[in-house]
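The chain contents come next:
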Amino acid sequence: MKGYPYKILSVFFLFLFNAVYAEDIQICKKNLIEWHTSSLYEDARVVSEIIRLTDNGSYIDQSVKELYLNILLPCDTIEHWVVSQLPDGSWPDINYEDRSASLWLPSFHVARLFHLAKSYCAVKSGQYHQDKVLKAFLSGLRFWCDYKNTSTNWWFTEIGINKVLGPALLMMEDYLSEDLRSKALEQLCRSRIGKTGQNKVWLGGNVVYKALFEEDKTELGSARNVIVSEIYLTMGDGIQPDYSYHLHGPQLQFGNYGLAYALSMTYWACIFRDTKFSFTEKQIGILGDYLLKGLDRVIWNGRMDFSACGRQLFKNVQRGKALALVQALSDISHVDRGRACRYKKSYRSILAESQNCDSFGTYAFYRSDMLVGKTQKAYISVRFSSPRVIATETGNKENLKGYYLGDGVTTLMRDGKEYENVFPVWDWRLLPGVTVPVNYGNLPLLGWKGYRNGNAFSGVIADGENGIAAFSLDRDGVTGKKGYFLFGDLLVCLGNGLSSSKGDSLQTTINQTYYAGNCTINFEGKTSVLKNDIFELPPESNCRVSHGGWDYCILPGQKGRIFVKKSFGSWHEIAAFYGMSGQSAKIFTCVLDNHQGCYAYMVTPSDKSSRKAFSSVDILSRTEECQAVKQKNNNLISAIFYKSGLLHLDAYCDFIAVTPALFILRPYKDGWKITMSDPTQQLKTIVFEISGEYSGGVYIPEENRTRFTVSCPQGKYAGSGISVTL
């Protein structure tokens with residue numbers, strides 16, 4: 001009898017433990033049902049926009065497709081599905097024989113089951129608890145449980161179907177017979193934990209649905225742990241130290257897997273809140289930082305930068321992905337109360353298609369070879385690749401023309417609609433910012449491995465207001481030094497040493513976008529208006545072009561042309577699952593011939609101050625060894641030293657880069673604040689010398705210069721900027 005009280009206590013605590021977990025399971029179910037039966041997108045205008053953007057739920061991209069799942073559909077849509085359903089539970093307009101890898105048509109059956117469940121359970125639905133809706137759901141579920149056909153893409157079988165079916169079953173579990181419940185459970189069992197990155201998170205989430213369905217606290221805890229195990233900064237697949245996102249190798253995936261990751265994680269943070277399964281404060285902090293310092297920075301006027309969308313350049317992709325981000329921002333605002341106002345301000349600006357001033361600034365995603373600048377007037381980005389970073393990929397017959405997407409592409413946005421759905425009618429050899437051979441043949445097709453630029457001296461740096469992107473082009477025999485200098489909303493682009501080992505003529509595109517009317521060209525005191533023609537640039541003088549809210553200043557000594565013409569194409573050429581129907585649009589293109597192996601131009605938003613902006617900078621150096629630009633008003637200097645060299649800052653001060661690197665030199669009090677980075681991400685130190693005597697360095701009296709040796713960030717921070725004050 002001596003140990004009897006301890007046995008009683010053990011039984012009591014075991015009972016208490018199980019009771020707590022049983023309560024937590026019920027809280028999770030309650031949170032899940034409340035999440036799915038309510039909607040952030042209640043405004044009728046936004047609901048109509050989502051239905052249009054997603055082609056009534058037939059959209060291919062999972063993140064954008066979820067927009068359709070997150071709204072309450074109009075009653076007439078649900079009513080149509082109820083009355084058109086066949087006696088066996090199928091629908092006559094769905095091709096159940098299809099086995100496609102990208103747009104698997106039978107998956108629409110499960111999406112309809114989900115919406116039937118949502119409409120039946122949502123109090124605000126016009127079909128709340130209507131028997132005919134319940135009957136249609138049960139009949140459709142029975143059909144699906146007996147359905148045997150599968151997609152050739154494993155993703156649908158293991159992830160896509162159960163991701164939609166799981167919450168539908170949990171909303172409707174009280175109405176399932178035992179045999180139907182057993183069959184539905186067999187469907188959920190097709191998902192098992194595995195894979196990496198976002199695929200791992202999706203699979204873990206599907207196992208959570210199964211665990212909640214069975215009320216299995218052990219499996220629930222294990223699956224939850226798998227999900228949160230992906231919340232960390234990494235140099236592999238996942239959130240990078242600069243808050244970009246990689247998957248399929250070191251490849252920028254903001255709008256593809258990175259957006260799906262954000263949606264999944266913030267969703268589960270809401271489902272697990274107020275339970276023992278809740279995310280930790282650190283995990284919530286990482287997710288919040290990823291949203292604000294990563295995804296939100298590539299959004300402009302309610303649209304995502306196309307350069308951040310990965311291979312998924314689909315219809316309505318820029319607006320659709322930005323609207324999808326709204327859900328993640330809203331979800332995290334419920335669990336990260338300290339920053340709730342920032343999240344709400346961001347998602348409200350997306351819904352309103354307006355700017356969010358909290359995200360203004362210049363940002364260097366050094367892990368992904370991308371520079372972004374956002375001001376009150378405009379959005380500018382530059383993206384390229386290197387031996388460290390994959391440019392893009394082609395897979396599932398998507399991104400069929402993206403051969404040059406990682407070759408120094410620039411995005412220039414004012415209203416955000418400049419490139420909206422332009423992809424079928426683009427000339428994909430003339431992407432904004434790229435330098436390519438003059439060639440009119442078919443573009444080569446990439447694969448899943450994509451490609452990497454061959455020269456390691458490619459990187460970015462930013463100090464919050466200004467930035468540099470250095471791209472040492474080395475691809476298909478084409479080499480050259482391409483420098484992009486960002487001063488607020490003024491972009492200066494320099495190219496030097498451009499050549500082709502095959503003897504091809506080269507050309508650089510300044511921009512290619514929709515013709516917005518009113519294209520004016522100013523040169524030698526003359527003004528021309530271009531509407532439907534080609535204008536040959538006069539090489540002997542400065543040429544200023546105004547179009548679509550942007551002014552372009554093309555420096556003298558360059559040949560090129562501006563043309564406005566109607567362009568034709570089809571979405572099928574971009575992604576094979578689209579139909580063959582043709583598209584057309586009037587396109588503005590500005591191209592420079594690189595016959596002398598160089599180019600120089602500037603871009604800034606059109607307004608009364610644009611001419612002043614062009615005259616506010618001096619180009620100090622345009623060579624293969626050094627490209628440098630100086631702002632006259634504050635004497636700030638941005639420089640790329642491809643090789644060791646000397647730069648005259650002014651009549652009295654020289655700067656010597658002993659180590660090739662990127663430098664931003666800002667006058668500070670009686671000295672300088674110098675921000676620098678190693679684009680190769682291989683150096684231990686950066687060494688430079690500057691005229692004058694300064695503390696902290698080694699003074700060389702005979703030269704009147706001070707030498708500084710600065711330790712470079714290493715490991716996951718290699719390539720990031722570091723500042724010293726002289």
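For the structure itself, look to the data block above.
First, a word on scope: everything that follows refers to the structure included in this document. Keep in mind that what you see is a predicted model, and the values were worked out from it rather than measured. (Residues numbered from 1 in each chain as written. Predicted model: local features only at pLDDT ≥ 70, side-chain atom pairs only at ≥ 80, totals over all residues. Heavy atoms only, no water.)

Of regular secondary structure, the protein possesses 15 helices and 33 strands. Here the C-alpha radius of gyration of the protein, 28 Å, is about what a compact globule of 726 residues would show, namely 27 Å. Considered along the principal axes of its C-alpha atoms, the protein spans approximately 95 × 75 × 45 Å. Burial statistics for the protein: of 726 residues in total, 61% are counted as buried. Taking all contacts inside the protein whose residues are at least 6 apart in sequence as the whole, residues at least 24 apart take part in 67%. Summed over its atoms, the accessible surface of the protein is roughly 27,900 Å², and 51% of this surface lies on carbon and sulfur atoms. When the 79 basic and 72 acidic side-chain charges of the protein are each reduced to a single mean position, those positions are 1 Å apart. (Helix = DSSP H or I, 4+ residues; strand = E, 2+ residues; numbered from the N terminus. Rg over C-alpha atoms; globule rule 2.2 N^0.38 Å. Buried < 20%, exposed > 50% of the residue type's maximum accessible area, 1.4 Å probe, protein only. Contact = heavy atoms within 4.5 Å. Areas by Shrake-Rupley, 256 points an atom, 1.4 Å probe, with all protein chains shown as cover. Lys, Arg positive; Asp, Glu negative; His and termini not counted. Charge placed at Lys NZ, Arg CZ, Asp CG, Glu CD.)

Another point: the packing of helix α3 (residues 62-69) against helix α13 (residues 317-333). It is at 8 Å that the axes of α3 and α13 come closest, and there the two elements cross at 65°. Crossing geometry of α3 relative to α13 is assigned as left-handed. When α3 is examined against α13, the residues Ser63, Val64 and Leu67 are found in contact with a partner set consisting of Gly320, Lys321, Leu323 and Ala324. When its residues are assigned to classes, the contact of α3 with α13 shows four nonpolar, two polar and one charged. (Axes fitted to C-alpha atoms, helices over the stretch in contact; angles between N-to-C directions. Left-handed = near helix turned anticlockwise from the far one by under 90°. Nonpolar A, V, L, I, M, F, W, Y, C, P; charged D, E, K, R; others polar.)

We now examine the nonpolar core. Ranked by internal contacts, the top residues of the largest apolar core, which has 190 residues, are Phe279 and Phe423. Counting residues per element, this core draws most heavily on helix α11 (residues 254-271), at 13 residues. Not counting residues within four places of it along the chain, the set of residues in contact with Phe279 comprises Arg224, Ile227, Val228, Ile231, Met265, Trp268, Ala269, Phe272, Ile284 and Leu287. Ranked by size, the runner-up nonpolar core spans 25 residues in total, among them Ala628, Leu647, Leu649 and Leu665. (Core = buried A, V, L, I, M, F, W, Y, C linked by side-chain atoms within 4.5 Å.)

Moving on, we come to unusual backbone geometry. A positive phi angle, close to 55°, is found at Asp476, a residue other than glycine. Relative to the helices and strands, Asp476 is located in the loop between β11 (466-475) and β12 (478-487). With a phi angle near 50°, Asn704 is a residue other than glycine that sits in the positive phi range. Mapping Asn704 onto the fold places it in the loop between β31 (698-700) and β32 (705-711).

Glancing now at empty space enclosed by the protein. In total, this model carries four cavities of 30 Å³ or more according to the counting rule given. One number sums up the size of the largest cavity: a volume of about 240 Å³. Lining the largest cavity are 21 residues, with His36, Glu66, Lys163, Tyr209 and Tyr267 sitting closest to its centre. Elements supplying a minimum of two residues to the lining of the largest cavity: α1 (4-37), α3, α7 (154-172), α9 (197-214) and α11. Its residues assigned to classes, the lining of the largest cavity comprises twelve nonpolar, seven polar and two charged. In this structure, the second largest cavity encloses a volume near 130 Å³. Surrounding the second largest cavity, 13 residues form its lining, Lys65, Ser107, Ala111, Gly160 and Val164 being those nearest its centre. (1 Å grid on protein atoms, 1.4 Å probe; cavity = no way out; pocket = protein on both sides within 12 Å on 5 of 7 lines; lining within 4 Å. Points joined across faces, edges and corners; volume = space filled by probe spheres on them.)

In this section: the sheet that holds strand β20 (residues 559-570). Read across the open sheet, the five strands follow the order β9-β14-β21-β20-β17; overall the sheet is antiparallel. Each of the sheet's edge strands pairs with one partner strand only, and the pair in question is β9 (435-437) and β17 (534-536). Taken over all neighbouring pairs, the strand axes of this sheet differ in orientation by 35° on average, direction set aside. (Pairing = 2+ DSSP bridges.)

Okay, the layout of surface pockets next. Counted as a void, the largest pocket has a volume near 600 Å³. Around the largest pocket, the lining comprises 27 residues; the ones closest to its centre are Asp427, Trp428, Arg429, Leu430 and Tyr440. Considering every element that reaches the lining of the largest pocket, the biggest residue donor is β20, with six residues. Here the residues of the lining of the largest pocket sort into 13 nonpolar, eight polar and six charged.

Turning to the side chain of Arg112, a few remarks are in order. Here Arg112 is to be found in helix α5 (residues 107-121). The class for Arg112 is buried, based on a relative accessible area of 11%. Those residues within four positions of Arg112 in sequence are excluded, and the remaining contacts are Trp81, Trp91, Asp93 and Ile94.

Pairing is possible between side chains that carry opposite charge, provided their charged atoms lie close to one another. For the coordinates displayed, the defined rule picks out 35 salt bridges. Among the ionic pairs, Arg112 bridges to Asp93, the shortest N-O distance being 2.7 Å. Pair noted here: Arg112 is in helix α5 and Asp93 is in the loop between α4 (75-84) and α5, with a separation of 19 residues, a long-range link. Of the charged contacts in the structure, one is a salt bridge between Arg707 and Glu689, with a shortest N-O distance of 2.8 Å. Of the two residues, Arg707 is situated in strand β32 and Glu689 in strand β30 (residues 685-691); the sequence distance between them amounts to 18 residues. The exposure class of Glu689 is buried, given its relative accessible area of 5%. Residues joined in a network through salt bridges with shared partners are Glu49, Arg303, Arg319, Glu353 and Glu420. (Salt bridge = Lys/Arg side-chain N within 4 Å of Asp/Glu carboxyl O.)

Before going further, it helps to examine the environment of Ala262. When you line up the elements, Ala262 lands in helix α11. Relative accessible area serves as the criterion here: at 2%, Ala262 is assigned to the buried category. Along the chain, Ala262 and Tyr209 lie 53 residues apart, while their C-alpha atoms are 19 Å from each other. With sequence-adjacent residues up to four places away left out, Ala262 is seen in contact with Tyr290, Leu291, Leu295 and Ala328.

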